Amino acid sequence: WLSRGPRVRLPAESIRDQALALAGLLSDKMYGPPVRPPQPDGLWKKVGGEPLEYEVSPGEDRSRRGIYIVWKRASPYPSLMNFDATARLACQVTRSRTNTPMQALTLLNDPVYVEAARALAERLRKVEAHRPLDERLRLAFEHCLTRSPVRDELAVLVDLWQSQRDAAGDESAWQAVATALLNLDETITKE
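The structure contained in this document is the topic of the report that follows. Here the structure is a predicted model, which is why all the values come from computation and not from measurement.

1. Description of the overall build of the protein
In terms of regular secondary structure, the protein is built from seven helices and two strands. Summarising its shape, the C-alpha atoms of the protein cover approximately 60 × 45 × 30 Å along the three principal directions. Burial status across the protein gives 37% buried among its 191 residues. Residue pairs at least 24 apart in sequence account for 65% of intrachain contacts in the protein once pairs closer than 6 positions are excluded. Roughly 11,700 Å² of accessible area belongs to the protein as shown, and the carbon and sulfur atoms make up 54% of that amount. Taking the 27 positively charged and 26 negatively charged side chains of the protein as two groups, their mean positions are separated by 6 Å.

2. Comments concerning the side chain of T86
Tracing the backbone through its elements, the reader meets T86 in the loop between α2 (78-82) and α3 (101-109). What T86 contacts, discounting residues up to four positions off in sequence, is W71, M81, Q92 and R95.

3. Looking at helix α1 (residues 12-23)
The first and last C-alpha atoms of α1 sit 17 Å apart over 12 residues, in line with the 16 Å expected at 1.5 Å per residue. For α1, the tally of buried residues reaches nine of 12 residues, placing the bulk of the element in the interior. Buried residues of α1: A12, E13, I15, R16, D17, A19, L20, L22 and A23, and no others. Each element contacted by the buried residues of α1 is listed here: β1 (8-9), α2, α3, α4 (111-126), α5 (133-145) and α7 (170-182). A positive phi of about 80° marks G24, the residue just after α1.

4. So, the pattern of salt bridges
Inspection of the entire model under this criterion finds 14 salt bridges. Measuring nitrogen to oxygen at the nearest pair gives 3.0 Å for the salt bridge that ties R95 to E13. One end of the pair, R95, is in the loop between α2 and α3; the other, E13, is in helix α1, with 82 residues separating them in the sequence. Its relative accessible area of 32% is what places R95 among the partly exposed residues. Residue classification places E13 among the buried positions, given a relative accessible area of 12%. The shortest N-O distance in the salt bridge between D170 and R125 comes to 4.0 Å.

5. What about α3?
Side chains three or four residues apart in an α-helix point the same way, a direct result of the helix having 3.6 residues per turn. Among all positions in α3, only Q103, T106 and L107 are buried. Taken around the axis of α3, the buried residues stretch over an arc of 95°, which confines them to a single face. In α3, the exposed positions that point more than 90 degrees away from the buried face belong to P101 and N109. Close packing links the buried residues of α3 with β1, α1, α2, α4 and α7.

About the criteria used
Residues numbered from 1 in each chain as written. Predicted model: local features only at pLDDT ≥ 70, side-chain atom pairs only at ≥ 80, totals over all residues. Heavy atoms only, no water. Helix = DSSP H or I, 4+ residues; strand = E, 2+ residues; numbered from the N terminus. Buried < 20%, exposed > 50% of the residue type's maximum accessible area, 1.4 Å probe, protein only. Contact = heavy atoms within 4.5 Å. Areas by Shrake-Rupley, 256 points an atom, 1.4 Å probe, with all protein chains shown as cover. Lys, Arg positive; Asp, Glu negative; His and termini not counted. Charge placed at Lys NZ, Arg CZ, Asp CG, Glu CD. Expected span 1.5 Å × (residues − 1). Salt bridge = Lys/Arg side-chain N within 4 Å of Asp/Glu carboxyl O. Arc of directions from axis to C-beta.

In structure tokens:
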């Protein structure tokens, strides 16, 4: 049964939830009103009628599961739309699966994913600080992908960490590693 399971990208909401969970930011709060994660300015503006206000949810609510995100049909959450979430204008039995450059750009630049990478970097920087670098990078890789890295993968992470540290310091090095790990195909794919 497992040998025939298709390899597919996670649903849009799961990609966001996974990034927040790996960073230790995902809220386990259930029920309640919808949440409003960061969105581009002006997205909710409309012509005529009463103006709509979009205020980003404060504190823990901004990191609740994707299923709780407020959804406006005329202006859906762009991050989820880039990963093929439905616009909910009509009932759909299945979601389409695309692979576009916008998805990679979303993972690199969307405020939610940048915040998740920062938090993950802080976790990686502080955890097991007494261990050697390659061991810490191995643990970071295992944390995100649930498997050990092969020698070449670990060498790439070490090179990335060292080049970023030399250019901008220790915090920047861990931020680069965290961003790279959250952007790997294996991180957002179900095998």
